[in-house]
Amino acid sequence: MTTETQAPLVPNFDDDDTDRKIAFICSKGNLDMAYPALVLANAALGEGIETHLFFTFWGFDMITKSRMHDLKFSPVGNTAMHMPVGDIRIPQALAPLPGMQPMATKMIKDQIAALGVPEVPEFLDQIVASGGHLWACRMSADMNKLSEEDLYDGVEAIINASDFIEMTDGAQLLFI
Amino acid sequence: MPVTTINGREIHVDDEGFLTEFDEWDEDLAKILAANISVDLTDEHWTAIKFAREDYKAQGETPTIRRMASVGGVDTKKMFQLFPKKPAKKMSYIAGVPKPHGCV
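Every value quoted in this text rests on a predicted model; they were computed, and no experiment measured them.

A. Examining the overall build of chain B more closely. The helix and strand tally for chain B stands at 5 helices and 2 strands. Going from N to C terminus, chain B has its helices and strands arranged as β-β-α-α-α-α-α. Over its C-alpha atoms chain B spans a radius of gyration of 13 Å, differing by no more than 12% from the 13 Å that the globule rule assigns to 104 residues. If one aligns the C-alpha atoms of chain B with their principal axes, the spans along those axes are about 35 × 25 × 20 Å. When each of the 104 residues of chain B is scored for burial, the buried share is 37%.

B. Expanded view of the nonpolar core. Core analysis: the biggest nonpolar cluster contains 36 residues, and A:Cys26, A:Ala41, A:Leu53, A:Phe54, A:Phe55, A:Ile63 and A:Ala136 have the highest contact counts within it. With residues near it in sequence (within four places) discarded, A:Leu53 still touches A:Phe24, A:Cys26, A:Ala37, A:Ala41, A:Gly132, A:Leu134 and A:Trp135.

C. View of the confidence of the model for chain A. Per-residue confidence for chain A gives a mean pLDDT of 91, with 94% of residues at or over 70. The weakest mean pLDDT in chain A belongs to strand β1 (residues 3-5) of chain A at 54; the strongest belongs to strand β2 (residues 21-26) of chain A at 98.

D. How the structure looks around the sheet that holds β2(A). All names here are of chain A. An order of β5-β4-β3-β2-β6 is seen for the 5 strands of this open sheet, with the pairing classed as parallel. Across the chains shown, the open sheet's two edge strands, defined by having one partner strand only, are β5 (155-159) and β6 (172-175). Sheet twist, expressed as the average angle between the axes of neighbouring strands with direction ignored, equals 20°. Pairing of β2 with strand β3 (residues 50-55), which is carried by 6 bridges, proceeds in the parallel orientation. Opposite Lys21, over in β3, you have Glu50 as the bridge partner.

E. Just the interface of chain A and chain B, in detail. Contact residues are listed per partner, giving 24 residues for chain A and 29 residues for chain B. Where the side of chain A that touches chain B is concerned, the elements lending two or more residues are β1, α1 (31-46) and α3 (120-129) of chain A. Per-element tally for the side of chain A that touches chain B: the top contributor is α1(A), with 4 residues.

F. A look at helix α2 (residues 100-114) of chain A. Here α2(A) spans 21 Å end to end across 15 residues, near enough to the 21 Å set by a 1.5 Å rise per residue. A:Gly116 lies just past α2(A) and shows a positive phi near 80°.

G. Looking closely at the pairing of β3(A). Residue and element names in this part refer to chain A. Among the 6 residues in β3, 5 count as buried, and that is most of the element. Regarding the hand of the β-α-β motif, the stretch spanning β2, α1 and β3 is right-handed. As paired strands, β3 and strand β4 (residues 133-137) are joined by 4 bridges and run parallel to one another. Its bridge partner being in β4, Leu53 is matched across the sheet by Leu134.

Each value, and the rule that gives it
- Residues numbered from 1 in each chain as written.
- Chains lettered and ligands numbered in written order.
- Predicted model: local features only at pLDDT ≥ 70, side-chain atom pairs only at ≥ 80, totals over all residues.
- Helix = DSSP H or I, 4+ residues; strand = E, 2+ residues; numbered from the N terminus.
- Rg over C-alpha atoms; globule rule 2.2 N^0.38 Å.
- Buried ≥ 20, exposed ≤ 12 C-beta atoms within 10 Å, placed from the backbone.
- Core = buried A, V, L, I, M, F, W, Y, C linked by C-beta atoms within 7 Å.
- Contact = placed C-beta atoms within 7 Å.
- pLDDT = per-residue confidence, 0-100.
- Pairing = 2+ DSSP bridges.
- Axes fitted to C-alpha atoms, helices over the stretch in contact; angles between N-to-C directions.
- Expected span 1.5 Å × (residues − 1).
- Right-handed = clockwise from strand over helix to strand, strands pointing away.

Written out as structure tokens, the structure is:
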């Protein structure tokens, strides 16, 4: 169906609607659980939304310089892990065997790369370049005996729980 | 699909106003599209717009912000400066290509 419109039809980019704010709490350090927040934060930034990521507990590995390049994926306890062909589920009894974790990690990394999606450090670069804010959890830093020098350069500060709660006043929150 | 009149020409657009016919675009039209969303076009904008069109033509898909940086040579910070707040959508609109399809 063809409809004729008089005034030019211009997309509404909602530039004046700047109230929305979103924060992700990244609490996991497994490779597969690093991605949901990164993908969604990146999307939120692309929509012009103020975006914060708070790294806590195991999520600290995502921003720890010595670990962020080498996150792992384990098929242990993951019954949704299938082989790339044939829809074959990996039996849980085999999941903890030596070699399974590197194989599964490589498989998931290849699948992510095939989509043109960056690895975790490069993804954080993109999020920071897009104006995203990265924060590290004080308690996690203390537990791991890590200071700001040990963390990815894009992390703005190590902050405590109250700081985070204060900072995210009015924000939508996602715990991952 | 709606047809809208821009600069005296009939242009096919989708429900939001994004061009649906790649070949109905030209540089004069881009200038009007940019003005519609308050973007002042500079040489850097044209670099991004032209790459987006070439890449769409070659790949059949609008480049994402990441691809604009890694292949198109327009880094992410620059994209946010050129097309504030919603760089991928605004660039696509002005370049006359669909919004990017992928998540990243």
